[in-house]
Amino acid sequence: MTLYILKRLAIGIVTIWFIATATFIAMHLVPGNPLANEKATTEVIRANLERRYGLDKPVTEQYIIYMGNMLRGDFGIAFSEENRSVNDIIREHFPVSATLGVLALLFATLGGVLWGALTAIYRNRWPDYVIMFFVILGISVPSFVFAALSQWLILNLNQVTGSSILPVAGWGNFRYMLVPALVLGMSTMAYLTRMMRSSMLEVSNTDYIRTARAKGLSTTRIFIFHQLRNAILPVITVLGPAIAIITTGGFVVESVFAIPGLGRYFVQAVAQLDYTVIMGTTVFFGAFLVLMVILVDILYSFIDPRIRLQAEQ
Amino acid sequence: MTSVNQYALEVNNLAVEFTTYGGTVKAVRDVSFKLRKGTTLAIVGESGCGKSVTVQSLMGLIPMPPGKITSGSALLDGEEILGLKTERLNQYRGKRLGMIFQDAMSALNPTMTIGNQIAETLIVHRAMDKKTAWVEVLELLALTQISEPARRARQYPFEFSGGMLQRVMIAMSLACKPDVLIADEPTTALDVTIQAQILNLLRNLQEKQGLSIILITHDLGVVARMAHDVAVMYAGQIVETGSVDDIFYRSSHPYTVGLKEAMPSNKTVEQELRVIAGSPPDLFAPPEGCGFYARCMYAMKVCEKNSPPIFGNHHGARCWLHHANAPAHILQQSLKDPTN
Amino acid sequence: MNKAFAPALADFAPAPARQKMDTISRPSLSYWQDAWQRLKINKRALVSLYLVLGLLIFTLLGPILWNYDPALQDLDSISQAPSFSTTALFVDDPGIWEGVLLQESSTLPPVTGQSAVLGATRLNIEGTATTQYVRLSWEPVEGGAYYLVYRNDHQPESAEDLGLPLGQTLTARELSFEDRLQLQPQTYYYTIIASGGLREASDFATEAVELERAITVSQALERNLPATPGTRVELSAHPFGTDYLGRDLLARTMMGAQVSLFIGIAAPFIFVLLGVIYGGVSGYFGGKIDLLMMRFAEFVIALPFLLFMILFRIGFGIGPGESGIFPMLVALVLLSWPNVARIVRGQVLQLREEAFVQAARLLGANPAYLIFRHMIPNTMGLILVTLTFAIPMAIFTEAFLSFIGMGVAPPTPSWGSMSNEGIRSMLSTPHELLFPAFFISVTVLAFNLLGDGLRDALDSRMRSRE
């Protein structure tokens, strides 16, 4: 098991190296170094950049310097703000994004499993149709429409009740997080519901469920001990990609709800062409996602005995 | 007739249909048979003839819809079990009516240890606590000749071989000491030596526990080895019933004759195997007359439009050749045999 | 023998020669025929197929039938709600309205302060109320220090219902108000309340005013319309309304459809093709080559998708506020092929081991024959399904990026960039967001359901059992 985890981590590190390299290449696609951009106006920033990135040196040497910095966990320095390191920015803004993301993921997974199981139980009856109608909405309506719609709803709700239980925008305690997290997790929940539903139906047609029925077990017992556990397995395998979708989906939600997360900062950095922040954030997000996927894989191997045995061998 | 039933299981006029987008399939048509206590009844037939559907409908395992039991009754030791609600049915299946399946690997839950899967039956039907159930599980595994039961019980299905899993299935179905065991092609997926072991195991258990067994198979070799009585199925109907000797030595239906001839034996080395020409009728639209009419070498005019009744009593055949008006024919001897 | 049927002797004569035994009663269908049959009975898939065809007609034929310049700005009709009504009244240029003032000679009603009970007053409409202006006047109210004017879309029930005032007079002498604020051809409810300074009246007067669309003579001259005041003219209709620059939203939605669907269909075609070739080669050769190729594909999958879409855009030298349709296409292709490659590789690996391929190989078939006769026909279904699911993904990506301003930028319309513009005025004129968002949703929905249907129809092993 330890060996399996180590092996996954080793591949993960190589993957992160690939992401960092691809980022470097993408930024050097066009002739003329974007880092030597006239945007970096003040002398201090320019001097910092020269020192940190070796802008006057050839590209290969720049690459070595860049990778060296990355290896030390140094994501660079900001372009548009004096003496601000990207690590600083990440430290300040990432916790906000992470809180929102974890909440959204929790909501999406629990909701997906619950609704999916319900649709399977009430297959082709009205609860199934109602839930699947919303699932289809969740899959086909873009998140920014949900964001806008929910803001409009909150406004009206607050107007009708004359209170302000749910703020329209901003960041603070749980009241601020609830609606953005719901919006952020919406499409993922829809996908997971769909997946859970077909997974449940597939499991219900398997030979081992037939065996369980032949054993004279009650429907409830079959559902809890045989169907649910096996049906959840494929849902867990897609949690890795789901985390990626939720993380990047945060860009829109954070922008619309004016939440000071890393996603919103990234969008602003792109608008200002703050290259170093863009590069640093990209590599950071990439590394984060790689680690999440590994984490999900390991979690999965604990839950599915077949994978666990393979991993142990 | 004594007050105690002579039969462990009695099925009368069972008919099952499936509705599909292509139409209605009459998978089982007017099937009746009796299982004597402590004996084995083999149901033989080629694939798709309705043998599995027959027993699965007894166990309440056919999905409804699309499946539908249109008529019939099934008496387990005199008690009706057909068409019961799930809760009522659960007092029979697993407890007094055990079942094992063809592909044991897919018939066991891949994410549950086999010990837990067996114990589950005991906990539900015999109200045992986990500890006593576990002791019983180990005994059952030992009974089905699985070595190191204590270690094996904690393993998952994918850690077992096919033959071992079939033993596990048997252990599981016998956990509540059922009166009747339905074995749906239990050895089809296994190779010959393992097959022999499993069959021996079943026979030993039958002797020890007085088990009545319904054995579904398409292998006449297995029938000869295991069965006391035989029912031959063709196109959703039972075409011939009788003791194993009746079927093998006094076959009275052309289809049974064909089946027998298609079976390789040490005499057939020199000559080619005989096959039954053609294929079974389409059950979307079952033929008006005898299902075997199109393939039968003895077919008569009457067979085309009229479905034959079963002629004979204990040894019976669904064939017009046995009608009093039918011309003299070699197969007629079999039913009129004095031993019948 | 429970049946009454008693066969006669003659019935037992041998049967005549029977028809050929192996006849199959149902017609045999080819793979694609069978798939089409299955798709046809799947109502949802069929409806989505028609939707997709409808969208293509909307996109390709729409601009020919609705020949209206999507870039034409009309600042006189900005943010107009969807309507088919097209007539407008010519009116004189409004000029300056002096309004109604209380006669100098008459004395002001005394202001009685806090205890004053401020009554309602009668409202008059001066002239014709049109979308150019609404002129209100009213009778003076005893105790009023100034007057508040409210405008509502519905009949206000109580004072709380009024919301924020549209305007107010400076003194109690002014007894009129001119409303020229974004008037739409609809019914408004105007309310006047006299205010005593500290307290407002609890009762008030409300007048429903129906506005007619109007353009002034000078505006008509700008558009080269022959204008006589008092006559009516046909104006261009805006079935989807107009946006904040007065551009026709229907024309823009059609134009945006071309951009969105171009990216949404062209990019998947290219990256699916690329993925098929890559995955096919990898799976066909297997072994070390396969291992290396798939490792690389996994690396590309690990790249954070949207971040790299943005990164490539910057790498191509496209700044904020610039449109990058082609770079977006390239970036989509560069980042999306590995998933297709993985799926195709899996299928090819599986096919390689199939008995019919092995048999063909044993019979001496060369690789080209194997690939074209066995591999490709047997992966076609899967490829088609993958392609169908890739299209909504690409459309979503375009919309998402354009929405955060990293894709197609104004003035080029795409559904994403139109949504971006529309969301700003979502509360007052929701149609500017709703139309592009609706089209994104319907397109994504149609392709998703079509993909489901195709998957069910083409391969029973992939069935979702819905």
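Per chain, residues are indexed from 1 in the order of the written sequence. Note on labels: chains are lettered from A, ligands numbered from 1, in written order. Under the rules for a predicted model, residues below a pLDDT of 70 receive no local features and side-chain atom pairs below 80 are neither given nor counted, while totals for whole chains, interfaces and linings still include all residues. With hydrogens and water excluded, all non-hydrogen atoms of the structure serve as input to the side-chain values.

Enquirer: How would you sum up a nonpolar patch on the surface? Please name residues and give values.
Expert: Residues and elements named next belong to chain C. Distance thresholds for patches are 9 Å for like charges and 5 Å for nonpolar side chains (Val, Leu, Ile, Met, Phe, Trp, Tyr), applied to residues having over 30% relative accessible area and no salt bridge. Here, Shrake-Rupley sampling with a 1.4 Å probe gives the accessible areas, and only protein chains in the shown set may cover a residue. Each reported salt bridge corresponds to a side-chain nitrogen of Lys or Arg within 4 Å of a carboxyl oxygen of Asp or Glu. On the surface, Tyr-50, Leu-53, Leu-56, Ile-57, Leu-60, Leu-61, Ile-64 and Leu-65 cluster together into a nonpolar patch covering about 860 Å² of accessible area. Those elements giving two or more residues to the nonpolar patch turn out to be helix H2 (43-60) and helix H3 (62-65). Among the elements that line the nonpolar patch, the one with the most residues is H2, at five residues. For the purposes of this entry, the term helix denotes a DSSP run of H or I that reaches at least four residues, the term strand denotes a run of E that reaches at least two, and both are numbered from the N terminus. Tracing the backbone through its elements, the reader meets Leu-61 in the loop between H2 and H3. Summary of the burial criterion: residues with accessible area below 20% of their type's maximum are buried, those above 50% are exposed, and those between are partly exposed, where the area comes from a 1.4 Å probe applied to protein chains only. Classification of Leu-61 by relative accessible area gives partly exposed; the value is 44%.

Enquirer: Residues and numbers for the pattern of salt bridges, please.
Expert: Residue and element names in this part refer to chain C. Tallying each qualifying case throughout the model produces 25 salt bridges over all chains. Between Glu-421 and Arg-252 there is a salt bridge, with the nearest N and O atoms lying 3.9 Å from each other. Here Glu-421 is found in helix H11 (residues 415-422), whereas its partner Arg-252 is found in helix H5 (residues 249-285), with 169 residues between them in sequence. A residue is classified by how much of its surface remains accessible, and Glu-421, at 5% relative accessible area, is buried. On the accessibility criterion, Arg-252 (2% relative accessible area) is buried. Between Asp-290 and Arg-345 there is a salt bridge; the shortest N-O distance is 2.6 Å. Here Arg-345 lies in helix H8 (residues 325-353) and Asp-290 lies in helix H6 (residues 287-302), a separation of 55 residues in the sequence. Its relative accessible area of 8% is what places Asp-290 among the buried residues. For Arg-345, a relative accessible area of 22% puts it in the partly exposed group.

Enquirer: Describe the sheet that holds strand S6 (residues 176-179) of chain C, and please don't skip the residues or the numbers.
Expert: Residues and elements named next belong to chain C. Whether two strands pair depends on DSSP finding at least two bridges between them. Strand order in this open sheet of three strands is S2-S3-S6, and the pairing throughout is antiparallel. Two strands lie at the open edges of the sheet, namely strand S2 (123-126) and S6, each paired on one side alone. The average undirected angle you get between the axes of adjacent strands in this sheet is 25 degrees. Pairing of strand S3 (residues 134-138) with S6, which is carried by four bridges, proceeds in the antiparallel orientation. Bridging from a neighbouring strand, Arg-135 pairs with Glu-178 of S6. Each axis is a line fitted through C-alpha atoms, taken for helices only over the stretch in contact, and angles between the N-to-C directions span 0 to 180 degrees.

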